[in-house]
Amino acid sequence: MSRNIVDGITRVKTEPSRIDEIEVGLWSTSNVFRSGHRIRVQVTSSNFPRHRNLNTGEPETEETTVRVAQQRIFHDSTRPSHIRLPIVAD
């Protein structure tokens, strides 16, 4: 079983061969992850119908066509992706 704790959105305009650094703010939230729990991160180009994005770069209210988007997450020594999870003592 999985449960969504928080989500964030960032609109990015990029080009296919370019590598961009993107920061997605997830606002203040709190959750207890007990020993043995796992954390899943999902990266998508849309969260329809909550966040509409047809991947055209046009203003949201004017988009009429759909473009398929592909995300690539790098996690090597020169491009380390990461998530900051602060630890709060009991």
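Here's what I pulled together on the structure shown here. (Residues numbered from 1 in each chain as written. Predicted model: local features only at pLDDT ≥ 70, side-chain atom pairs only at ≥ 80, totals over all residues. Heavy atoms only, no water.)

### A word on the overall build of the protein
Secondary structure summary: the protein contains zero helices and zero strands in total. Relative to the compact-globule value of 12 Å for 90 residues, the protein shows a C-alpha radius of gyration of 16 Å, a clear excess of over 25%. Within the protein, the proportion of its 90 residues that are buried is 6%. For the protein, long-range pairs separated by at least 24 residues make up 36% of all intrachain contacts whose partners lie at least 6 apart in sequence. Summed over its atoms, the accessible surface of the protein is roughly 9,100 Å², and 50% of this surface lies on carbon and sulfur atoms. (Helix = DSSP H or I, 4+ residues; strand = E, 2+ residues; numbered from the N terminus. Rg over C-alpha atoms; globule rule 2.2 N^0.38 Å. Buried < 20%, exposed > 50% of the residue type's maximum accessible area, 1.4 Å probe, protein only. Contact = heavy atoms within 4.5 Å. Areas by Shrake-Rupley, 256 points an atom, 1.4 Å probe, with all protein chains shown as cover.)

### Examining a nonpolar patch on the surface
On the surface, Ile 5, Phe 33, Ile 39, Val 41, Val 43, Ile 73, Ile 83 and Leu 85 cluster together to form a nonpolar patch covering roughly 720 Å² of accessible area. Judged by its relative accessible area of 38%, Phe 33 is partly exposed. (Patch = residues over 30% accessible without salt bridge, like charges linked within 9 Å, V, L, I, M, F, W, Y side chains within 5 Å. Salt bridge = Lys/Arg side-chain N within 4 Å of Asp/Glu carboxyl O.)

### Side note on unusual backbone geometry
One non-glycine residue with positive phi stands out, namely Asn 55, at about 65°. We classify Asn 55 as buried; its relative accessible area is 17%.

### A look at the environment of Asn 53
Residue classification places Asn 53 among the partly exposed positions, given a relative accessible area of 21%. Taking the C-alpha atoms as reference points, Asn 53 and Arg 11, 42 residues apart in sequence, are found 8.6 Å from one another. When residues no more than four places from it in sequence are discounted, the contact partners of Asn 53 are Arg 11, Ser 45, Ser 46 and Glu 63.

### With respect to the pattern of salt bridges
Counted according to the given criterion, the structure contains three salt bridges. Three or more residues are tied together by salt bridges with common partners; here these are Glu 15, Arg 18 and Asp 20.

### Some remarks on the side chain of Thr 56
On the basis of relative accessibility, which here comes to 16%, the residue Thr 56 falls in the buried class. Among the polar contacts made by the side chain of Thr 56, one reaches the main-chain amide nitrogen of Glu 58 at a distance of 3.1 Å. At 3.1 Å, the side chain of Thr 56 forms a polar contact with the side chain of Glu 63. Sequence-distant contacts of Thr 56, defined by excluding residues within four places in its chain, comprise Glu 63, Thr 65 and Arg 67. (Polar contact = N/O pair within 3.5 Å; in protein donor to acceptor, adjacent residues only side chain to side chain.)

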